[in-house]
Amino acid sequence: MTDAPILSASPILSASSVTHAFGGLIAVDGVSISVQRGEIFGLIGPNGAGKTTLFNIMTGLIAPNRGKLFFEGRETTRLPPYRIAERGIGRTFQNIRLFGELSVLENVMTGRHTRTHSNVLSGVLGLPAARAEERATRQQAMQLIDRIGLTDRAHVRAGSLPYGDQRRLEIVRALALEPRLLLLDEPAAGMNTREKQALSDFIRQVRNQYHLTIVIIEHHMPLVMGLCDRIAVMNFGQLIAIGVPAAVQRNPAVIEAYLGSRKFVDR
């Protein structure tokens with residue numbers, strides 16, 4: 001594990017003049033950003049600023065009305081979500097989307113679906129290649145589960161886990177995809193202060209151990225300011241600031257968007 005990110009001069013992800021409207025509401029309005037390989041990049045802004053819509057565009061859940069997206073130099077603008085996942089982009093969602101009735105292990109194994117090759121028929125017939133692939137998938141999933149300290153609960157229903165463990169499990173399931181870029185949508189939502197600090201440490205360790213680039217949407221400012229290398233701020237669908245945390249925190253447009261410097265700085 002490295003102690004610091006390995007940054008690159010070439011962006012791993014870039015958006016060029018991306019725009020999307022829902023009817024007459026422009027949710028994302030001409031946003032252009034570049035995320036450098038190896039960094040933890042924060043995406044913040046008031047509720048309704050367009051952050052999650054931009055995430056959905058990046059992962060193919062929504063096609064932009066205008067603009068283009070590139071991942072590792074290849075255009076992904078109108079690829080379906082599974083193709084984008086195959087390229088190496090994983091994500092989590094605002095609301096936990098675990099399979100609550102499945103075990104912890106089974107949830108992580110589902111995250112491997114784009115990295116397996118056996119079809120249903122070979123699995124039903126129990127062909128040697130299918131059995132070997134399932135054993136490898138199970139082993140890799142257990143290694144990831146051990147990473148979050150849930151080895152003794154691998155066969156427990158995911159829905160029975162404490163909230164903080166469910167959040168971490170969702171991140172680990174995304175890691176099972178073997179992404180090079182990981183998008184985290186409000187991973188600290190609903191956590192207490194201790195859990196948020198533990199999550200911040202976990203995200204940093206994941207970035208370093210797996211050599212990932214991470215983009216995170218988060219409303220908890222102490223977590224964002226302490227974790228991110230750079231931050232982009234959206235308001236009413238537009239990008240209003242981008243830079244290192246200290247500079248963004250002092251930006252007048254950002255302060256105005258958050259309705260006053262004390263609210264922005266201290267919350």
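You'll find the structure just up there.
Topic: the side chain of His20
With respect to the secondary-structure elements, His20 resides in strand β1 (residues 11–22). Here the side chain of His20 touches Ala63 through a polar contact of 3.0 Å, landing on its backbone oxygen.

Regarding the pairing of strand β10 (residues 238–243)
Relative to β10, strand β9 (residues 230–235) is paired through five bridges, and the arrangement is antiparallel. Within the sheet, the bridge partner assigned to Asn235 lies in β10 and is Gln238. Taken together, β9 and the strand that follows it, β10, pair antiparallel across an intervening segment of two residues, in which Phe236 is found at a positive phi of about 50°.

Digging into the sheet that holds β9
An order of β6-β7-β8-β3-β9-β10 is seen for the six strands of this open sheet, with the pairing classed as mixed. Of all the strands in the sheet, just β6 (89–91) and β10 have a single pairing partner and so form its edges. The sheet shows a mean angle of 20° between the axes of neighbouring strands, direction not considered. Here strand β3 (residues 40–44) pairs with strand β8 (residues 213–217) via four bridges, running parallel. Bridging from a neighbouring strand, Leu43 pairs with Ile217 of β8.

Description of the pattern of salt bridges
For the coordinates displayed, the defined rule picks out 10 salt bridges. For Arg37, the salt bridge identified is with Glu72, shortest N-O distance 3.2 Å. With Arg37 in the loop between β2 (25–36) and β3 and Glu72 in the loop between β4 (66–71) and β5 (74–75), this pair connects stretches of sequence that are 35 residues apart. On the accessibility criterion, Arg37 (31% relative accessible area) is partly exposed. Connected through shared salt-bridge partners, Arg37, Glu72 and Arg180 make up one network.

Section: the nonpolar core
Val108, Leu182, Ile203, Ile216, Ile231 and Val233 are the most contacted members of the largest nonpolar core, which totals 45 residues. Every residue in contact with Ile216, bar those within four places of it in the chain, is listed here: Ile40, Phe41, Gly42, Leu43, Phe55, Leu184, Pro187, Ile203, Leu223, Leu227 and Cys228.

What counts, and where the lines are drawn
Residues numbered from 1 in each chain as written. Predicted model: local features only at pLDDT ≥ 70, side-chain atom pairs only at ≥ 80, totals over all residues. Heavy atoms only, no water. Helix = DSSP H or I, 4+ residues; strand = E, 2+ residues; numbered from the N terminus. Polar contact = N/O pair within 3.5 Å; in protein donor to acceptor, adjacent residues only side chain to side chain. Pairing = 2+ DSSP bridges. Axes fitted to C-alpha atoms, helices over the stretch in contact; angles between N-to-C directions. Salt bridge = Lys/Arg side-chain N within 4 Å of Asp/Glu carboxyl O. Buried < 20%, exposed > 50% of the residue type's maximum accessible area, 1.4 Å probe, protein only. Core = buried A, V, L, I, M, F, W, Y, C linked by side-chain atoms within 4.5 Å. Contact = heavy atoms within 4.5 Å.

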